[in-house]
Amino acid sequence: MGNVCVESAKKALEEQKEELAKGSKLPAAKLSTILELSAEAKNSTNHSIIVTQSDREKQVSSISRRLSMNSEKFSRDALMPETKLSFMRSHLQDKKLFHSMDQAVASFPTYTLPNGTIYQGVIMEDEARSGIGQEVHPNKTYFIGSFLEGRYHGKGFLLSGDFFYEGEFENDLIQGQGRVTHNKGTVYQGEFQANEAHGLGRENYSDGSYYQGQFFEGKKQGEGKFVWDNGNQYIGD
């Protein structure tokens with residue numbers, strides 16, 4: 001199935017819910033969640049992708065002949081080191097969204113992509129990942145969230161070597177509002193551009209001090225306030 005304009009996405013979504021409810025083996029609530037999350041995650045783009053149960057079965061049959069479909073279900077616990085998963089769980093803020101996405105992808109098949117990445121979610125006929133999905137790269141980077149034409153786009157969660165990020169993505173980049181926690185204890189929350197803190201934000205440090213103000217390409221620049229752990233503070237450029 002193709003893309004639909006945002007103006008008609010809501011109407012199309014309701015139609016897909018009805019169509020799915022007729023012959024699907026999945027609970028109606030789960031099907032509704034899958035569709036709503038896929039539509040919501042792309043509300044910042046010019047189009048939404050809606051996948052019916054029939055489309056999904058056709059895609060699975062066709063794509064499985066070209067890609068390696070795994071017989072075993074996707075398992076974060078088996079694919080990721082426990083230390084990393086524990087770090088993510090301890091710093092996860094939007095637990096409701098995370099668990100909703102996790103439940104939404106649970107019914108989809110798992111593939112091993114040519115680069116060794118293990119992916120669970122929707123794959124379109126051109127083999128591009130689209131909609132809600134999750135994947136583990138060979139270097140143990142983990143992502144769950146929204147894909148568009150094979151790229152991270154929309155809301156998602158990214159667990160990398162030394163940080164955990166949750167927030168907005170655009171065209172495979174961390175961009176928009178988000179929160180990143182580094183394994184050394186530094187936490188930044190605010191605006192991002194091209195994977196860097198850029199705009200207004202706040203950075204908390206492990207010693208209890210923090211900076212709040214302007215950032216430019218990952219550096220503190222412009223008007224802001226720095227507060228030390230003893231309460232002393234500096235306000236200025």
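Residues numbered from 1 in each chain as written. Predicted model: local features only at pLDDT ≥ 70, side-chain atom pairs only at ≥ 80, totals over all residues. Heavy atoms only, no water.

Caption draft 1: Region of interest: the side chain of E166. Mapped onto the elements of the fold, E166 is located in strand β9 (residues 163-170). Among buried charged residues, E166 stands out as having no salt bridge; its nearest opposite-charge side chain is R179, 4.7 Å away. In this structure the side chain of E166 is engaged in a polar contact, spanning 2.7 Å, whose partner is the backbone nitrogen of Q93. When sequence neighbours within four positions are dropped, the list of residues in contact with E166 reads H91, L92, Q93, D94, G156, F157, G178 and R179. (Helix = DSSP H or I, 4+ residues; strand = E, 2+ residues; numbered from the N terminus. Buried < 20%, exposed > 50% of the residue type's maximum accessible area, 1.4 Å probe, protein only. Lys, Arg positive; Asp, Glu negative; His and termini not counted. Salt bridge = Lys/Arg side-chain N within 4 Å of Asp/Glu carboxyl O. Polar contact = N/O pair within 3.5 Å; in protein donor to acceptor, adjacent residues only side chain to side chain. Contact = heavy atoms within 4.5 Å.)

Caption draft 2: How the structure looks around the environment of L173. Summarising the element assignment, L173 is placed in strand β10 (residues 173-182). Look at L173 and you get partly exposed, because its relative accessible area is 31%. Counting along the chain gives 22 residues from L173 to R151, while the straight-line C-alpha distance between them is 8.7 Å. If near-sequence neighbours (up to four positions away) are discounted, L173 is found in contact with E168, A194 and N195.

Caption draft 3: Region of the structure containing helix α6 (residues 95-105). Those residues of α6 lying buried are L97, F98, M101, A104 and V105. Down the axis of α6, the buried side of the element spans an arc of 130°, and every buried residue falls inside it. Residues of α6 that are exposed and point over 90 degrees away from its buried face: K96 and Q103. (Arc of directions from axis to C-beta.)

Caption draft 4: Region of the structure containing the packing of aromatic side chains. The tally for this structure, following the rule as stated, stands at 14 aromatic pairs. Where Y188 meets F192, the ring centres are 5.0 Å apart and the plane angle is 85°; that geometry is what we call edge-to-face. An identical accessibility class is assigned to Y188 and F192; each is buried. Three or more aromatic residues joined by ring pairs make a cluster, and in this case those are Y119, F143, F147, Y152, Y165, F169, Y188, F192, Y211 and F215. Over the aromatic face of Y211 sits the side chain of K220, whose NZ or CZ is 5.9 Å from the ring centroid. (Phe/Tyr/Trp six-rings, centres within 6.5 Å; stacked < 30°, edge-to-face > 60°. Lys NZ or Arg CZ within 6 Å of the ring centre and 35° of its normal.)

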